[in-house]
Amino acid sequence: MEQQKKKVILSGIQPTGIFTLGNYIGAVKNWATMQDEFHCAYMLADLHAITVRQDPKAFREQTLSCCALLLACGLDPEKSVVFIQSQVPAHAELSWILSCYTQFGELSRMTQFKDKSARHADNVNAGLFTYPSLMAADILLYQADLVPVGADQKQHLELTRDIANRFNGIYGNVFKVPDGYIPKVGARIMSLADPTKKMSKSDDNPNACISILDKPEVIVKKFKRAVTDSDMEVCYREGKDGINNLMTIYSAVTGLTLDQITADFAGRGYGDFKTAVGEAVAEELRPIREAYDRFMSDRASLEACYHQGAERAARLAERTMQKVKKKVGFIL
Ligand code: ATP
Ligand code: LTN
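Residues numbered from 1 in each chain as written. Chains lettered and ligands numbered in written order. Predicted model: local features only at pLDDT ≥ 70, side-chain atom pairs only at ≥ 80, totals over all residues. Heavy atoms only, no water.

Looking now at the site of ligand 1. With respect to spatial proximity, 21 residues lie near ligand 1, and among them Asp152, Ile189, Lys198, Ser200 and Ser202 are the closest. In this structure, Ile189 approaches ligand 1 through a main-chain N or O atom, which is 2.7 Å from a nitrogen atom. The contact in question runs from an oxygen atom of ligand 1 to an N or O atom on the side chain of Lys201, over 2.8 Å. Contact with the protein chains removes 97% of the 600 Å² of surface that ligand 1 exposes when unbound. Broken down by element, the shell around ligand 1 gets its largest block of residues, four residues, from helix α1 (residues 21-33). Broken down by class, the residue content of the shell around ligand 1 amounts to six nonpolar, 10 polar and five charged. (Near = heavy atom within 4 Å. Polar contact = N/O pair within 3.5 Å; in protein donor to acceptor, adjacent residues only side chain to side chain. Areas by Shrake-Rupley, 256 points an atom, 1.4 Å probe, with all protein chains shown as cover. Helix = DSSP H or I, 4+ residues; strand = E, 2+ residues; numbered from the N terminus. Nonpolar A, V, L, I, M, F, W, Y, C, P; charged D, E, K, R; others polar.)

Glancing now at the pairing of strand β1 (residues 8-13). Examined bridge by bridge, β1 and strand β2 (residues 39-44) share six bridges and lie parallel to one another. Bridge pairing in β2 places Gly12 opposite Met43. Remark: the β1/α1/β2 crossover connection has right-handed handedness. (Pairing = 2+ DSSP bridges. Right-handed = clockwise from strand over helix to strand, strands pointing away.)

Extensive coverage of β2 is indicated by the burial of five of its six residues. Strand direction decides the pairing type here: β2 and strand β3 (residues 81-84), joined by four bridges, are parallel. Paired with Leu44 across the two strands is Ile84, which belongs to β3. (Buried < 20%, exposed > 50% of the residue type's maximum accessible area, 1.4 Å probe, protein only.)

Have a look at this one:
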């Protein structure tokens, strides 16, 4: 019997800072586990990152750190294509073409655009607005079947599907129409300081988020300070945003169900629970921090990894680019 073709996975993360526990649980942790079953490509979305002003020197260092972080989180460059977006010119090229198939009205409805333009009112640039066309290009270039992301990217994925369908409707079957792959537990980890807000790399309050390189004692301390409510029951219920968030995190790192967690902590206070969550997270992240130090100390291997990744990615992307150019009517 003919073997079924492996599905293609593509995802990305912006090198805007050290990854948070939210990035890890919502996205990157799943990327590593998908490597054996699928053809995977993972990228650092540095073109997306400059929609917010970056200091060039710090940005370069940050991108290298994020590359080491991806490897520390278990991405294996032998199994997956690990690359830096700006090193594969086809992303910017296809992004332009797709922006001509994306409507102004569609882009204006994107909640991430509305949030980010409110937060950076002094720099509401065109790139921030057309960000989703670039993300569609990232995905469609590789003919991805599945895109593992957190819940905040759902709207961008739906727009990607709409763009792909529109393009295919005009020119025939050019793009694979991708599906999102959003985890059942942990798709939206909330801030520890304000559990109604998403945990985000670019939050100014260091107590709001756990960086995946935080030391164990810092992690435990941040969880002890996490904002909760004034009753005493460890159970998942509407209105208990802080506890719901801690239970989600605990469930994601231990594999326990919410009911099991409630049963385990029945009659015990929030103090005990917060300590348990902090310790479980610290244990989960310990090997990542240790591996990160190793990858960072070997710059030559890091460089070889992203150069090789870019070459492989460019070869895959070029196949789609040729098809697109031909369909649109460019002279080849
Ligand atoms: P920034 O603060 O710079 O906008 P970010 O922390 O939101 O960054 P991204 O690089 O935009 O991170 O996202 C990388 C991946 O992490 C995406 O798949 C996104 O859905 C996921 N992600 C981000 N924040 C969370 C969160 N709080 N919970 C779950 N997943 C998340
Ligand atoms: N916009 C995404 C990062 C991103 C991405 C992608 C994710 C850029 N290109 C392609 C999946 C597929 C974000 O997390 N903010």
